[in-house]
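# Chain and residue survey
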Amino acid sequence: MHAMKTSTVSNLAISFFFLIVGLSTISVSANASRNHIVGGDRGWGLAAGSYNIWALHRSFVAGDKLQFKYPPGAHNVVRVGAVGYENCKATTKESRKAMSTGNDKLTLKKGMNYFICGFQGHCTGGMKIKVHAK
Ligand SMILES: [Cu+2]
């Protein structure tokens, strides 16, 4: 009886040890690739102000994710090039890959990354962001 209790205690200790190991692994991987909610609490929308000012106060590393949050159907997210960003115009190929779930996560590539809203008038209305990832 006594021996059985001891083994239960040591089993608990072992489980606890692996729980701690598991938790530290999770926190290490969270640090390795970070998630940035675009615009913070304001999310992805027309009244959120300049996204480049938002981006200015943050640092980005290749592999980090930009998370675009908005009511589904109200906007979308299109990864474009520098010219598309400046002109607020996505190519057909880029438009075909538009994300539209309302909670879209896009992984940053090393260098400049450009995203716009593909809805008519939204990019010129401010829904564009460029981010440099180290
Ligand atoms: Cu939009």
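Note that this is a predicted model, so its numbers are computed, not measured.

## Description of the overall build of the protein chain
What the protein chain contains, in helices and strands, is four helices and six strands. Ordering the α and β elements of the protein chain from the N terminus gives α-β-α-β-β-α-α-β-β-β. Across the 134 residues in the protein chain, those meeting the buried criterion constitute 22%. Counting only contacts in the protein chain whose residues sit at least 6 apart along the sequence, the fraction spanning at least 24 positions is 71%.

## Some points on the confidence of the model for the protein chain
Overall, the prediction assigns the protein chain a mean pLDDT of 85, with 77% of residues at 70 or greater. The model gives residues 16-30 a pLDDT under 50, and that stretch makes zero contacts with residues more than four places away or in other chains.

## Considering the sheet that holds strand S2 (residues 65-69)
Reading across the sheet, the three strands line up as S1-S2-S4 and stay open at both edges, with mixed pairing between neighbours. The open sheet has two free edges, formed respectively by strand S1 (35-37) and strand S4 (103-107), since each of these has just one partner strand. Each strand of the sheet is rotated relative to its neighbour by a mean of 25 degrees, with strand direction disregarded.

## Examining the environment of Phe60
Residue position: Phe60 is located in the loop between helix H2 (51-56) and S2. Not counting residues up to four positions away in its chain, the partners in contact with Phe60 are His36, Leu108, Val131, His132, Ala133 and Lys134.

## Describing the pairing of S2
The side-chain alternation of S2 yields one buried face, formed by Leu66 and Phe68, and one unburied face, formed by Lys65, Gln67 and Lys69. In the sheet, S1 pairs with S2 via three bridges, with the strands oriented parallel. Following the sheet pairing, His36 is matched in S2 by Leu66. As for the winding sense of the linkage, the β-α-β connection from S1 through H2 to S2 is right-handed. Bridge analysis of S2 against S4 gives five bridges, and the strand direction is antiparallel. Directly across from Lys69, in S4, lies its bridge partner Asn103.

## Focus: the sheet that holds strand S6 (residues 128-133)
In space, the three strands of this open sheet follow the order S3-S5-S6, with antiparallel pairing throughout. Of all strands in the sheet, those with a lone pairing partner are strand S3 (78-80) and S6, marking the two edges. Geometrically, the sheet is characterised by an average inter-axis angle of 30 degrees between neighbouring strands, direction not taken into account. With three bridges connecting them, S3 and strand S5 (residues 111-116) associate as antiparallel partners. Across the sheet, residue Arg79 finds its bridge partner in S5, namely Phe115.

## Considerations on unusual backbone geometry
Although it is not a glycine, Cys88 adopts a positive phi angle of roughly 55 degrees. Mapping Cys88 onto the fold places it in the loop between helix H3 (82-87) and helix H4 (92-96). Of the residues examined, Cys88 has 18 C-beta atoms within 10 Å and is grouped as partly exposed.

Scoring rules and cut-offs
Residues numbered from 1 in each chain as written. Predicted model: local features only at pLDDT ≥ 70, side-chain atom pairs only at ≥ 80, totals over all residues. Helix = DSSP H or I, 4+ residues; strand = E, 2+ residues; numbered from the N terminus. Buried ≥ 20, exposed ≤ 12 C-beta atoms within 10 Å, placed from the backbone. Contact = placed C-beta atoms within 7 Å. pLDDT = per-residue confidence, 0-100. Pairing = 2+ DSSP bridges. Axes fitted to C-alpha atoms, helices over the stretch in contact; angles between N-to-C directions. Right-handed = clockwise from strand over helix to strand, strands pointing away.

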